[in-house]
Structures are given as C-alpha cells and as structure tokens.
Amino acid sequence: MLSQKEVERLYYGLRSHINLQGDEDGQALRALSNDFILRNVNIGESLWDLDSEIGDLHFILEGTFAEYLKRGTHSFILRFYRPGKFAFSEDSLLYSNRSDTYSKALSKAKVAYLPSIHFQNVLRQGGLGVKLMKVLINLSMTEYRNTTYEMLQSSGTNRIHAALEQFPDLLHLIPRRELADYLGISRASLFRSLKEIGHE
C-alpha cells in the first residue's frame, strides 16, 4: 500500500502533465492516484516482459530501470527511467499489442503501478482517462524525439556527458558494451571518451 506521502508524490507527478479543468478533474485524479499499488523491485526484476500483453502503468519512486529492445539474440537499451518518471510498454498500454520491449531494474527500486484493468476502466470513462492517454502518447513521442535529436547532434563524448548528468551512477549499473550500444558508438570510442572526461 502506498503511503500518503507517496500518493501525493504520484498525484503531483500526474498533475504536472495533465491539464485539470475544475474540481471534478482534481477529485478524479486524486482517486486515480489512490488506485496505484506499491511494488518493491530487486535488481534484474522486470516491470514488463517481452511479448507481454499486460499494459500496466508504472511511476518510478526509487531506483533506475532500462527498457530493452531485442533483435535476434542481442538486446539494445532504448531508454532509461529514473525516479519521478512514468514507465510503460507502449505496445501493451497504448495499443493493446504484445510488447516488443522489456524493462528491468538496474538497481533496487520502488514503483507505484496502476494495473492494466484499472487503466482501461479509467479510459472507458472518458474525461480524465482520455487526457491521461494523450499525455502518455505525448511523453512517448517526446522521449523518442529527444533521444533521436541527441544521437544525431552530439559527439560520443557529449552523449556520455548527457547520460551521466541524468544518471550519475550509470557506469556502475550497466556493462560498457550495453552503454556503447545505447550511445551508438564503438566500445573503443566509449573507453576513449570516458578517459577524456576522467571516468576510466
């Protein structure tokens, strides 16, 4: 069960993205925040699995997660999730398809999650549910655009700087090979860049 402090944090996390109109929206958002369930996650445990059809919505309270895309026998990191962010399988939650990705904890973590059935119920009611769906689609697209822009505009060293600014302990959380793949550079370039900025 979420503590009142965690419910408030979740409420304001949702509210920062949703344009509330009147007391009714505010009350509905508070009720929705209370529907989230607390889950403690150990290192290596998943938020969702590859091919999963369960579209839960997660809010990261503590810890760091990575989302992976698997192609053949190799998995590539698509994005990271840190505290205060929402995490979800776009395929399952937004489009009711099997998930093309999976997400796992890189550190011991705590999340609040809204089960898929509750999300679908809120969506069917319209109003707040429709606003929430629009927000999640927008978050997904913004994240994709920002990541693509960073990869196209930045050198390998700048990409590493940006990643470490967002996730200071990233070098201790994932293997260098995975980090190089995520940044779109060779392992040799990664080691050179890390040496330049004093991290290797």
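Our subject is the structure that appears above.
Residues numbered from 1 in each chain as written. Predicted model: local features only at pLDDT ≥ 70, side-chain atom pairs only at ≥ 80, totals over all residues. Heavy atoms only, no water.

J.: Any details on the overall build of the protein? Residues and values, ideally.
T.: The secondary structure content of the protein amounts to eight helices and eight strands. Against the 2.2 N^0.38 benchmark of 16 Å for 200 residues, the protein shows a C-alpha radius of gyration of 18 Å, consistent with a compact globule. Viewed in the frame of its principal axes, the protein has a C-alpha envelope of about 55 × 35 × 30 Å. Every one of the 200 residues in the protein was classed for burial, and the buried ones make up 44%. The long-range share in the protein, meaning contacts at least 24 apart out of those at least 6 apart in sequence, stands at 70%. By element, 48% of the accessible surface of the protein is carried by carbon and sulfur atoms, the whole surface being about 10,900 Å². (Helix = DSSP H or I, 4+ residues; strand = E, 2+ residues; numbered from the N terminus. Rg over C-alpha atoms; globule rule 2.2 N^0.38 Å. Buried < 20%, exposed > 50% of the residue type's maximum accessible area, 1.4 Å probe, protein only. Contact = heavy atoms within 4.5 Å. Areas by Shrake-Rupley, 256 points an atom, 1.4 Å probe, with all protein chains shown as cover.)

J.: Lay out the nonpolar core in plain terms, naming residues and giving numbers.
T.: Counting 25 residues, the largest nonpolar core has Leu 10, Leu 14, Leu 32, Phe 36, Leu 57, Leu 132 and Leu 136 as its most contacted members. Examining the composition of this core, we find that five residues originate from one element, helix 5 (residues 128–153), more than from any other. Counting residues in each nonpolar core, the second largest holds 21 residues, with Ile 77, Leu 170, Ala 180 and Leu 194 among its members. (Core = buried A, V, L, I, M, F, W, Y, C linked by side-chain atoms within 4.5 Å.)

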